[in-house]
Amino acid sequence: MSKQLLIETHTVKISPTQLTENVNKESGNLVVEGILATAEVKNGNGRYYSKDLWNREIDKYGELVKENRALGELDHPESQVVNLKNVSHNIKDMWWDGDNVVGKIELLPTPAGNILKALFASGITVGISSRGMGSVQEGSNGTVTVQEDFE
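Figured I'd write up the structure that's included with this text.

1. Description of the overall build of the chain
No. 1: When its secondary structure is counted, the chain shows three helices and nine strands.
No. 2: In sequence order, the secondary structure elements of the chain are arranged as β-α-β-β-α-β-β-β-α-β-β-β.
No. 3: Here the chain holds 151 residues, and the buried ones make up 39% of them.
No. 4: Long-range contacts, defined as pairs at least 24 residues apart, comprise 61% of the intrachain contacts of the chain with a sequence gap of at least 6.
No. 5: When the accessible area of the chain is evaluated, it comes to approximately 8,600 Å², of which 50% is carbon and sulfur surface.

2. What to know about the sheet that holds strand β3 (residues 47-48)
Each strand in a sheet pairs with another by means of backbone hydrogen bonds, the pair being arranged parallel or else antiparallel.
No. 1: In spatial order, the strands read β3-β9-β8; together these three strands make up an open sheet with mixed pairing. Each edge of the sheet is formed by a strand with only one pairing partner; in this case those strands are β3 and β8 (136-138).
No. 2: Relative to strand β9 (residues 144-146), β3 is paired through two bridges, and the arrangement is parallel. Looking at the pairing, Y48 lines up with T145 of β9.

Rules and cut-offs
Residues numbered from 1 in each chain as written. Predicted model: local features only at pLDDT ≥ 70, side-chain atom pairs only at ≥ 80, totals over all residues. Heavy atoms only, no water. Helix = DSSP H or I, 4+ residues; strand = E, 2+ residues; numbered from the N terminus. Buried < 20%, exposed > 50% of the residue type's maximum accessible area, 1.4 Å probe, protein only. Contact = heavy atoms within 4.5 Å. Areas by Shrake-Rupley, 256 points an atom, 1.4 Å probe, with all protein chains shown as cover. Pairing = 2+ DSSP bridges.

See the structure below:
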């Protein structure tokens, strides 16, 4: 099995009320919450991630969150490396809610972050994606299971 880029997307939609109420008191930046990942279910891309696998990776990624370096881009690049000129947001916190990984995401006042903020202000539903490298194995029931080499 060879590793491939795996991208998982979940939608984030906020109300006009949330646009004015969810602001970082220190920076004034908009903060939104949404599902970052799901475990123990076949997701929209037909892949299954175990909770143990996500736990391991969230523990690693949590270090970036603590260091204020959990940056994300506006679009879906084909690389695992975050391109700083495209940064739109920073994940400020992550936690489990049942089998969902939920996060608090601060939109940054960068060109890409301003585009994202304008989309939210216009009532546009956007997606947030996780991406990583790993191999998959298709089971007899058609479910594609992400393997332990996922990073």
